[in-house]
Every structure is written in C-alpha cells, then in structure tokens.
Amino acid sequence: MLTPIITTLTADAPLIALLTGGIHAYAASGRLGISRATLPTAYDADGYLLPCAIVQTGATVPADSLTDATAGTLTRVIVYLYADGDHAFADLYAARDRIIVLLDRAFIVGVGWIAFAAAGVDERDSKLNHAAALTLTLEVRA
C-alpha cells in the first residue's frame, strides 16, 4: 500500500520542489529514525535537515465500509513533515496542503480511496535538534 502512495507524491513536481529532502518510507529511516546515516538525501552538505516527508501506514483494522457495514477495513496513513529547526514552517504548511490536494478523496490503484483525517500544527521534534515538524493523518477505507 505504501509504494503507490509514495509514487503518487513523488510524481508531483510542486510537492518535490517544496520537499527538497525527498519523500521516504518510514522503514527507510530505520528503528532510530531520521539521521544522516539512514537518510543522507534528507540533509544538505552542511548537515542541515532539508524539508522532507516520511510516510507510514498503520495497522489495518475492522471498520464500516462504504458498501458493507460489517466487512470494511480502515488503514491510517501518517505523513510526517520535517525541516531544520531554524527553517520556517511555511514550506511544511505548503507541502501539507499540497499532499491534501493530491490525496484527499483520491483513488489510488493498489490502495483504494484515501481521505484526509487530521493535521498537527507547529510541532518540534526534540530527537532531531528541535526540527520543525508537522503530522498529517489520512485514512484508507476498503
């Protein structure tokens, strides 16, 4: 499910222009998260974290379906947006909004229908030297 979502996002030139550090699967960052060792393309030559996205899928759980109230499933897709702590949130907000435009109420082959669920605002990640961080939650129902 993750590969078609990342493919959809990376195919969008305006989004890639905002997320110069790339769009990565959560598994690529490893157990300890983003670092220069696990995701070197997410950092510039001086070692600063570029605006980037990490995409993760959660567990698939039983849920109401559009067509059958007893046999549906729900899978959450979480997009973490990061940038260096000194970086303004403007690029992250623009990337968040672009991702919503691309994925909200969209049908992706191999995934299904995706809908926007929630978004966080003005967060900082202490594990990444207080990097600017936003989260975006989407839901896939089948």
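The paragraphs below set out a description of the structure included in this document. Small disclaimer: the values here were computed from a predicted structure and weren't measured.

A look at the packing of helix H1 (residues 2-10) against helix H3 (residues 90-103)
Next, step 1: With their axes 10 Å apart at the nearest point, H1 and H3 run at an angle of 115° to one another. Crossing angle aside, the handedness with which H1 passes H3 is right-handed. Along the contact surface, H1 presents Ile5, Thr8 and Leu9, while H3 presents Ile99, Leu102 and Leu103.
Next, step 2: Here the residues of the contact of H1 with H3 are counted per class, giving five nonpolar, one polar and no charged.

A closer look at the packing of aromatic side chains
Next, step 1: Tallied over the entire structure, the rule returns four aromatic pairs.
Next, step 2: Among the aromatic residues, those joined into a ring-pair cluster are Tyr26, Tyr80 and Tyr82.

Concerning the pattern of salt bridges
Next, step 1: Counted according to the given criterion, the structure contains four salt bridges.
Next, step 2: Between aspartate 12 and arginine 98 there is a salt bridge; the shortest N-O distance is 2.7 Å. Within this pair, whereas aspartate 12 is found in the loop between H1 and helix H2 (13-18), its partner arginine 98 is found in helix H3, the two being separated by 86 residues in sequence.
Next, step 3: The salt bridge involving aspartate 97 is made with arginine 96; its shortest N-O contact spans 3.0 Å.
Next, step 4: Overall, aspartate 97 belongs to the partly exposed group, its relative accessible area being 38%.
Next, step 5: Residue classification places arginine 96 among the buried positions, given a relative accessible area of 15%.
Next, step 6: Residues joined in a network through salt bridges with shared partners are Arg76, Glu139 and Arg141.

Quick notes on the rules
Residues numbered from 1 in each chain as written. Predicted model: local features only at pLDDT ≥ 70, side-chain atom pairs only at ≥ 80, totals over all residues. Heavy atoms only, no water. Axes fitted to C-alpha atoms, helices over the stretch in contact; angles between N-to-C directions. Helix = DSSP H or I, 4+ residues; strand = E, 2+ residues; numbered from the N terminus. Left-handed = near helix turned anticlockwise from the far one by under 90°. Contact = heavy atoms within 4.5 Å. Nonpolar A, V, L, I, M, F, W, Y, C, P; charged D, E, K, R; others polar. Phe/Tyr/Trp six-rings, centres within 6.5 Å; stacked < 30°, edge-to-face > 60°. Salt bridge = Lys/Arg side-chain N within 4 Å of Asp/Glu carboxyl O. Buried < 20%, exposed > 50% of the residue type's maximum accessible area, 1.4 Å probe, protein only.

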